[in-house]
Amino acid sequence: MTGTTGAPEEPTSDVTAPLHLALALDGAGWHPAAWREEGARPGELLDAAYWADLVTEAERGLLDFVTFEDALGLQSAAFHRPDDRTDQVRGSIDAVLLAAHLAPLTTHIGLVPTTNVTHTEPFHLAIGIATLDHASRGRAGWRPQIASRAADAAHFGRRTTPQLTKDDVTDSERISQPLRALFAEGAEVVEAARQLWDSWEDGAEIRDVATGRFLDRDKVHPIDFQGSGFSVKGPSITPRSPQGQPLVVSLAHATTPYEFAALSSDVVAVTPHDRAGTASILAQVAEAVERTGRDLADRPLRTFADLVVLLDDEPGAAARRKARLDEVAGAELASDAEIFTGTPAELADLLLDRRSTGLDGFRLRPGTLPHDLTGITRGLVPELQRRGVFRTEYASTTLRGHLGLARPTSRYAKVG
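Residues numbered from 1 in each chain as written. Predicted model: local features only at pLDDT ≥ 70, side-chain atom pairs only at ≥ 80, totals over all residues. Heavy atoms only, no water.

Under an unreviewed UniProt entry, the protein has the name LLM class flavin-dependent oxidoreductase and belongs to Streptomyces cyaneofuscatus. According to the UniProt record, the Sequence similarities (unreviewed entry) comment for the protein is "Belongs to the NtaA/SnaA/DszA monooxygenase family." (UniProt positions renumbered as here; feature names shortened; annotations may be inferred.)

Caption draft 1: The arrangement of unusual backbone geometry in detail. The linkage connecting Gly-234 with the following residue, Pro-235, adopts the cis geometry, with an omega of 0 degrees. With respect to the secondary-structure elements, Pro-235 resides in the loop between strand S8 (231-232) and strand S9 (247-252). Between Leu-369 and Pro-370 the backbone carries a cis peptide bond, its omega angle lying at 5 degrees. Looking at where Pro-370 falls in the secondary structure, it is placed in the loop between strand S13 (361-366) and helix H10 (371-386). With a phi angle near 60 degrees, Arg-137 is a residue other than glycine that sits in the positive phi range. Within the secondary structure layout, Arg-137 lies in the loop between helix H3 (122-136) and strand S4 (141-145). For Arg-207, which is not glycine, the phi torsion reads 55 degrees and is therefore positive. You can call Arg-207 exposed: its relative accessible area is 53%. (Helix = DSSP H or I, 4+ residues; strand = E, 2+ residues; numbered from the N terminus. Buried < 20%, exposed > 50% of the residue type's maximum accessible area, 1.4 Å probe, protein only.)

Caption draft 2: Quick look at the layout of surface pockets. By volume, the second largest pocket amounts to about 440 Å³. Asp-266, Asp-298, Arg-299, Arg-400 and Pro-408 are the residues nearest the centre of the second largest pocket, which is lined by 20 residues in total. If one sorts the elements of the lining of the second largest pocket by residue count, helix H5 (residues 180-198) sits on top with 5 residues. Classifying every residue of the lining of the second largest pocket gives 7 nonpolar, 3 polar and 10 charged. (1 Å grid on protein atoms, 1.4 Å probe; cavity = no way out; pocket = protein on both sides within 12 Å on 5 of 7 lines; lining within 4 Å. Points joined across faces, edges and corners; volume = space filled by probe spheres on them. Nonpolar A, V, L, I, M, F, W, Y, C, P; charged D, E, K, R; others polar.)

Caption draft 3: Up close: empty space enclosed by the protein. Going through the model one piece at a time under the given rule, you end up with 3 cavities of 30 Å³ or more. In this structure, the largest cavity spans a volume of roughly 40 Å³. Looking at the lining of the largest cavity, the elements with two or more residues in it are H3 and H5. When residues in the lining of the largest cavity are grouped by element, the largest group, 3 residues, is from H3. Per-class residue counts for the lining of the largest cavity are 6 nonpolar, 3 polar and 1 charged.

Caption draft 4: Expanded view of H5. Between the first and last C-alpha of H5 there are 27 Å, a value that for 19 residues agrees with the 27 Å anticipated at 1.5 Å per step. Burial runs high along H5: 14 of the 19 residues are buried. (Expected span 1.5 Å × (residues − 1).)

Caption draft 5: Representation of the confidence of the model for the protein in the model. Per-residue pLDDT for the protein has a mean of 95; in total, 96% of the residues score no lower than 70. Low pLDDT, under 50, characterises residues 1-12; the stretch is placed with 28 contacts to residues that sit more than four places away or in other chains. (pLDDT = per-residue confidence, 0-100. Contact = heavy atoms within 4.5 Å.)

Caption draft 6: Spatial organisation of the side chain of Ser-250. Tracing the backbone through its elements, the reader meets Ser-250 in strand S9. Beyond its immediate chain neighbours, meaning those up to four positions away, Ser-250 contacts Arg-143, Phe-260, Ala-261, Ser-265, Val-267, Val-268 and Ala-269.

Caption draft 7: Spotlight on the pattern of salt bridges. Scanning all chains against the criterion turns up 38 salt bridges. In this structure, Asp-224 engages Lys-233 in a salt bridge whose closest nitrogen and oxygen atoms are separated by 2.8 Å. Among the residues examined, Asp-224 registers a relative accessible area of 46% and is labelled partly exposed. Measuring nitrogen to oxygen at the nearest pair gives 2.9 Å for the salt bridge that ties Glu-259 to Arg-291. With a gap of 32 residues between them, Glu-259 in helix H6 (residues 255-264) and Arg-291 in helix H7 (residues 275-292) connect regions that are remote in the sequence. Under the relative-accessibility criterion, Glu-259 is labelled buried at 16%. (Salt bridge = Lys/Arg side-chain N within 4 Å of Asp/Glu carboxyl O.)

Caption draft 8: Broad picture of the pairing of strand S12 (residues 338-342). What you see with S12 is a clean split: Glu-338, Phe-340 and Gly-342 sit on the buried side and Ile-339 and Thr-341 on the side with no burial. The pairing of strand S11 (residues 302-311) with S12 spans 5 bridges and is classified as parallel. Across the sheet, Val-309 pairs through a bridge with Phe-340, a residue of S12. (Pairing = 2+ DSSP bridges.)

Caption draft 9: A look at the packing of aromatic side chains. Summed over the entire model, instances satisfying the criterion amount to 6 aromatic pairs. With a centroid separation of 5.4 Å and an interplanar angle of 85 degrees, the aromatic rings of Tyr-50 and Trp-51 are classed as edge-to-face. The burial state of Tyr-50 is the same as that of Trp-51; both residues are buried. Among the aromatic residues, ring-to-ring pairing joins Tyr-50, Trp-51 and Phe-68 into one connected group. Across from the ring centre of Trp-30, 4.7 Å away, lies the NZ or CZ of Arg-365, which sits over that ring. (Phe/Tyr/Trp six-rings, centres within 6.5 Å; stacked < 30°, edge-to-face > 60°. Lys NZ or Arg CZ within 6 Å of the ring centre and 35° of its normal.)

Caption draft 10: Geometry of the UniProt feature "domain: Luciferase-like" (unreviewed entry) in the protein. UniProt annotation of "domain: Luciferase-like" (unreviewed entry) refers to residues 46-320 when read in the numbering used here. Helix makes up 33% of residues 46-320 and strand makes up 17%, while its end C-alpha atoms are separated by 29 Å.

Caption draft 11: Local environment of the packing of helix H1 (residues 48-60) against helix H2 (residues 95-102). At a minimum axis distance of 10 Å, the contact between H1 and H2 shows a crossing angle of 65 degrees. Judged by the angle between their axes, H1 and H2 are roughly perpendicular. Crossing of H1 against H2: the hand is right-handed. Along its contact with H1, which presents Ala-48, Trp-51, Ala-52 and Val-55, the element H2 presents Leu-98, His-101 and Leu-102. In terms of residue class, the contact of H1 with H2 is made up of 6 nonpolar, 1 polar and no charged. (Axes fitted to C-alpha atoms, helices over the stretch in contact; angles between N-to-C directions. Parallel < 35°, antiparallel > 145°, perpendicular 65-115°, else oblique. Left-handed = near helix turned anticlockwise from the far one by under 90°.)

Caption draft 12: Structural context of H6. Counting buried positions along H6 yields 8 of 10 residues, so the element is predominantly enclosed. Every buried residue of H6 is listed here: Thr-256, Pro-257, Tyr-258, Glu-259, Phe-260, Ala-261, Ala-262 and Ser-264. Next to the buried residues of H6 lie S4, helix H4 (172-176), H5, S9, strand S10 (267-270) and H7.

Written out as structure tokens, the structure reads:
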């Protein structure tokens, strides 16, 4: 999506621009019964080697970045509360620490962990992501997430958050309304982190052994950030990272999170279920950009659509596999995102059709792992390459570079 502030324009697509693909990893896959599928590795879900295999496969497929889910409570079939189910995957490992482990095992793919911004200190979040950017040499991203489940607050005992009802979770707009204050606070957390990332200018570290001067103190700045419910003095303890500003990615379903993305994100993942819905959502994102006063010429916002994908080479096989998984799970797969079953060529057709609405790319959620991941990397990617719409090698070594986003200058650097 391109443009500047002013009246929202009808989304347009540059068919010569590269198509971007990201991967969303979660447990054994996005189908609740994925862990029971032949070829799954349920005994290794907490093993770092399992995740290394998945991410190196994604990198072989030349994907832009991979996101890692995280939460402050156990997974649940219900969006708004914990459950007592024992037939689905429960338990996970810390996303930021996992990404840091994977950083030296990969060379190009972006690593984007999810963190909670409601109950976690902004200073700790900022230095964790900045450290990941150093460890990966410029491939770090961050997916900030508010606490949508009230039960999470009990882990900390410092505050309470709104309890969503069963009626609330039937509609994305109804979900976001009680959480509006948390989204506003989340935007403040991201802004505090961005200021901390800027608090060390480039060149602040002199490291001159001869003179004994390690630091240029004039290039390290307190940020004195004052939010509605917290403050951060700064500066960061972590020097400016390779990207300057690690990439911020958010998932958005409704008006309030669209505004959060317009304020805070470099990439927004949306969840349309058809072509018309894609165009409508992109128009809503453009309206949020206008309301927040963001200048897209200065701060581009990349738009991705999420898709749950089940892929097989044989026509109809993926649909049959999904039906079998649904039967094992005892219910048909439901998702906030559109669910696709088909062949890699059929998925390529869909992606290119949807891109014409103005999308920059797609974040694909494999239904089962590793089966649908290899369906993406060894089926979909070659098909897109044959059509001349996807890279055949990485042209950049940073995540910002993959997405065509410039490295920003520290806001505290003197001009001229």
